[in-house]
Amino acid sequence: MFGKFFLPGPTEVRPEILAAQTRPMIGHRGKAMEELIASLTPGLQYVFRTTRPVYISSSSATGLMEAAVRNGARRKVLSLVNGAFSERFHRIAVGCGLEADVLEVPLGEGHSPEMLEHALQRGDYDAVTVVHSETSTGVLNPVADLARVTHARGDVVLLVDSVTGIAGSPVETDAWELDFVLTGSQKALALPPGLALGVARPSLLERAKAKKDRGIYFDFIEFEKNILKNQTPNTPALPLFYALAAQLDAIRRETIEARWERHAAMARRTWAWADEMKGRGLDIRVLAPEGYRSSTVTCLTMPSGHTGSAVTSALKQRGLTIASGYGALKDATIRIGHMGDHTVAELDVLLGELEQVLGA
Ligand SMILES: *Cc1c(COP(=O)(O)O)cnc(C)c1O
């Protein structure tokens, strides 16, 4: 039954969406495929709040993180690091042969625009990497402000991993002038894993054109050329395209604003629950400070006597799935992915069971 799987990725997929994947194969160079892709674009533009074409990459999200760096960064990168995924963005920059500095804050914290402004003054960076919603800590970075500060430096681009942002919390690709922003299918879009989606500004494509080492599979110039013809550079993960079509229809029916609000309501419910537990004498805390909390994932510190892995196993025995902490926070925290197609009512059941597991 739907409503029991609260990992912060992959998230639970509704049966209708799973079923949509079983349609027959079609040739990917034919008219039917072009019609399918053409039907996806308006829905994707609606979700990303953009008039630009949205690239559909048959890869996991990390593929488009690497693509962002290969196409968008020239020489020297500043990576905003506050957890496992933002650290990955930095490792990708280094792995692609770029010079890359880190602006690191402790786990559980975010990056203020002032902090970024200061760091940009110190080095001659041409690109900044940032994770919008750091899934390992539940921290939301103020991407709109970070973009403003980045662009104030002139010819510097902001490459945004919004893998657990897009479709779960407000992202205004065009209004915030994001140079590149990406997500993956298996997070707030509540699709099976295997697709990554991203949008590039025209100025970023100009950069890409000037780069001779941007590779083949993740070449944005090819992505752009193909999507404008309702095609993909290579064989697309067709069953996932069917699922995406079905889910975009559902998102349009719900409206993106209502989807954001549903996620915000689930987040508020989780934070309020943590406060309530504290009131009952349980030392539980939302790791992220107020003002820097993600709508899609909450990382909760565990009271003494409870480890993240023991709590997740106990919940599993009750038929419910959440995640333990990530990396260094594995046993000190748990993570609830209140993301995708879940509701506050389903979340309430989970929190009720969690209360019992913690003996509150
Ligand atoms: C899940 C996640 C990724 C990695 O996605 P893959 O699809 O596994 O490549 C990257 N960044 C963030 C913030 C994530 O939550």
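Residues numbered from 1 in each chain as written. Predicted model: local features only at pLDDT ≥ 70, side-chain atom pairs only at ≥ 80, totals over all residues. Heavy atoms only, no water.

*Asks:* Which residues make up the nonpolar core, and what are the values?
*Replies:* Judged by nonpolar contacts, the single largest core of 80 residues is most densely connected at Val-47, Leu-78, Leu-159, Phe-180 and Phe-220. A domain-level breakdown of this core finds at least three residues from each of domain 1 (15–253) and domain 2 (256–358). In contact with Leu-159, other than residues within four places in its own chain, are Ala-68, Val-69, Phe-89, Ala-127, Val-128, Thr-129, Val-130, Phe-180 and Leu-204. The next biggest cluster of nonpolar side chains, apart from the first, holds 22 residues, and it includes Ile-284, Leu-315, Ile-322 and Leu-358. (Core = buried A, V, L, I, M, F, W, Y, C linked by side-chain atoms within 4.5 Å. Buried < 20%, exposed > 50% of the residue type's maximum accessible area, 1.4 Å probe, protein only. Domains from an automatic or database assignment. Contact = heavy atoms within 4.5 Å.)

*Asks:* Lay out the packing of aromatic side chains in plain terms, naming residues and giving numbers.
*Replies:* Here a ring pair, both rings aromatic, is described through the centre-centre distance and the interplanar angle of the planes. The tally for this structure, following the rule as stated, stands at six aromatic pairs. Between Tyr-55 and Phe-223, the aromatic rings sit 5.5 Å apart at their centres with planes inclined by 40°, giving tilted as the arrangement. You can see Tyr-55 sitting in strand S1 (residues 55–57) and its partner Phe-223 sitting in helix H8 (residues 220–227), a full 168 residues away along the chain. Taking 6.1 Å as the distance between ring centres and 90° as the angle between the ring planes, the aromatic pair formed by Phe-220 and Phe-223 counts as edge-to-face. With Phe-220 and Phe-223 both in helix H8 and three residues apart, this pair spans about one turn of that helix. Considered together, Phe-220 and Phe-223 belong to a single accessibility category, that of buried residues. These aromatic residues form a ring-pair network of at least three members: Tyr-55, Phe-180, Phe-220 and Phe-223. A cation sits over an aromatic face here: Lys-76 above Tyr-125, 5.1 Å from the ring centre. Taking NZ or CZ as reference, Lys-187 lies 5.4 Å from the ring centre of Phe-85, over its face. (Phe/Tyr/Trp six-rings, centres within 6.5 Å; stacked < 30°, edge-to-face > 60°. Helix = DSSP H or I, 4+ residues; strand = E, 2+ residues; numbered from the N terminus. Lys NZ or Arg CZ within 6 Å of the ring centre and 35° of its normal.)

*Asks:* With reference to specific residues and values, describe the sheet that holds strand S13 (residues 333–337).
*Replies:* One open sheet holds the four strands; their spatial order is S10-S11-S13-S12, and the pairing between them is antiparallel. Since the sheet does not close on itself, it has two edges, and those belong to strand S10 (285–286) and strand S12 (323–324), each with one partner. With two bridges connecting them, S10 and strand S11 (residues 297–301) associate as antiparallel partners. The residue bridging Val-286 from the neighbouring strand is Leu-300, located in S11. (Pairing = 2+ DSSP bridges.)

*Asks:* Go over the pattern of salt bridges with me, naming the residues and quoting the values.
*Replies:* What the rule picks out here adds up to 29 salt bridges. Glu-172 serves as the salt-bridge partner of Arg-49, at 3.0 Å between the closest nitrogen and oxygen. Within this pair, whereas Arg-49 is found in the loop between helix H2 (31–48) and S1, its partner Glu-172 is found in the loop between strand S7 (157–161) and strand S8 (180–184), the two being separated by 123 residues in sequence. When the shortest N-O distance is used, the salt bridge between Glu-257 and Arg-49 registers 3.0 Å. Of this pair, Glu-257 sits in helix H10 (residues 256–279) while Arg-49 sits in the loop between H2 and S1, and the two are 208 residues apart along the sequence. Looking at Glu-257, the relative accessible area reads 40%, which means it is partly exposed. Assessed through its relative accessible area of 25%, Arg-49 is described here as partly exposed. Each of Arg-14, Glu-16, Glu-254, Arg-259, Arg-262 and Asp-341 takes part in a single network of salt bridges with overlapping partners. (Salt bridge = Lys/Arg side-chain N within 4 Å of Asp/Glu carboxyl O.)

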